[in-house]
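Chains, contacts and geometry: an overview
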Amino acid sequence: MSPPPLSLLVVDDMQYSRTVLKNTLERIGYDDVRLAGSAAEALDALTQRRADVVIADWVMPEMNGLELSTAIRRQDEEAGRYTAIILFAPKEEDKAMTQALHEGADDFLTKPIQDVQLAARIYAAGRIAMLQNRLMETSAALETANRLLEHQSTTDLITGLANQRALNQRLEALVLETQARGGGFCLALVSLDQQDEAQVSPFEDLSSEVLLGFAKRLRLAVRPTDLVARIAEEEFALLMHVHSPQDFNRDLFKRVLTSITRDGIQTSEGAVPILVSIGAHFHQSDQPLMTIRELMKQTRSNLDQARGQSGTRVVVT
């Protein structure tokens, strides 16, 4: 029966030993056998292409088999893979075997080597490597899937902005940071309101285009570090961290309003005029601690006041 397909790397500073071992492995049935004359050459070969099993001599100049095992384990950790290692030594000693396994080797053999014994050890080492790599690939896939699920759970699917959950997480962190380190933050609710009821709603057939265009414009109107979230059908939130409360300019929301409402939102049917209201609340560390519910309640109250105004529909407390 043919052995499983494995990539093997033989490392020995003696050319004769390398050649004999390669011929033996090919006779057993392995056809992917590479040779390296030193540990440094072996590490370079592994960088170019991974191997399932490395078969290395213990005694080599400059870097011996134990040191090579340690270096391979470092490479494996960085690359997210597992390479099985078999070390050859001139004699079998319990202390030497323990040291080899401690340094990262999977198996230990003494010379001269019998074909049957070598075949069995390589088969076992290859199986270990395949199982370990399969486990790491599965773990990596699960980690990627979990990251994707986490991203989806905190992202608005239409606009790609953060959602209510992401806003709550960031707001909770900012509340704690402000109380511990000082500074402040500002929470704003931005409402994309309906136009006059006598007019045809601009959102009837173009809602997705308007929402996307508005989300992009809102994102560009604030700093890259500010959180922009869509928390309801036509309601957005801004969360701004303020390092120096004395420098916070409450008029910035008037500039934001002007920026996001200028010339309407461009759609496939032309520019759609929009009506926007902004309610914001600024909180700093020397003020009484507020819960997220209280912060949202105060900010929404400001938004309701802004909706009832004519002209500049902005209320900041």
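For the structure, see preceding data.
Notes on the structure follow. (Residues numbered from 1 in each chain as written. Predicted model: local features only at pLDDT ≥ 70, side-chain atom pairs only at ≥ 80, totals over all residues. Heavy atoms only, no water.)

Some details on unusual backbone geometry
Applicable threshold: Each helix is a run of H or I in the DSSP string that is no shorter than four residues. Each strand is a run of E no shorter than two, and both are numbered from the N terminus. Exposed residues in this analysis have more than 50% of their type's maximum accessible area, buried residues have under 20%, and partly exposed residues fall in between, with area computed by a 1.4 Å probe over protein chains only.
Here the phi dihedral of Glu 62 falls at roughly 70 degrees; this positive angle occurs in a residue that is not glycine. Among the secondary structure elements, Glu 62 is positioned in the loop between strand E3 (53-57) and helix H3 (65-79). We classify Glu 62 as exposed; its relative accessible area is 83%. The phi dihedral of Asp 263 falls on the positive side, at around 65 degrees, and the residue is not glycine. With respect to the element layout, Asp 263 can be found in the loop between helix H8 (252-261) and strand E9 (265-267).

Side note on the pairing of strand E7 (residues 227-232)
Definition in use: Any two strands with at least two DSSP bridges between them are considered paired.
Of all six residues making up E7, five are buried, and the element is well covered by its neighbours. Taken together, the five bridges between E7 and strand E8 (residues 235-242) define a ladder with antiparallel strand orientation. The residue bridging Val 228 from the neighbouring strand is Leu 238, located in E8. The antiparallel hairpin formed by E7 and E8 contains two residues in its connecting segment.

Re the sheet that holds strand E5 (residues 107-110)
Note the following rule: Axis definition: a line fitted to C-alpha atoms, limited for helices to the stretch in contact. Angles are taken between N-to-C directions and run from 0 to 180 degrees. Whether two residues are in contact is decided by their heavy atoms: any pair within 4.5 Å suffices.
If you trace the five strands from one edge of the open sheet to the other, you get E2-E1-E3-E4-E5, paired in parallel fashion. Either end of the sheet is taken by a strand with one partner, and the two such strands are strand E2 (33-36) and E5. Looking at each pair of strands side by side, their axes are set apart by 20 degrees on average, direction ignored. On the sheet, helix H2 (residues 39-48) packs against strand E1 (8-11), E2 and E3 and is oriented at approximately 165 degrees with respect to E1. Contacting E1, E3 and strand E4 (84-89), H3 crosses the sheet at an angle of about 175 degrees to E4.

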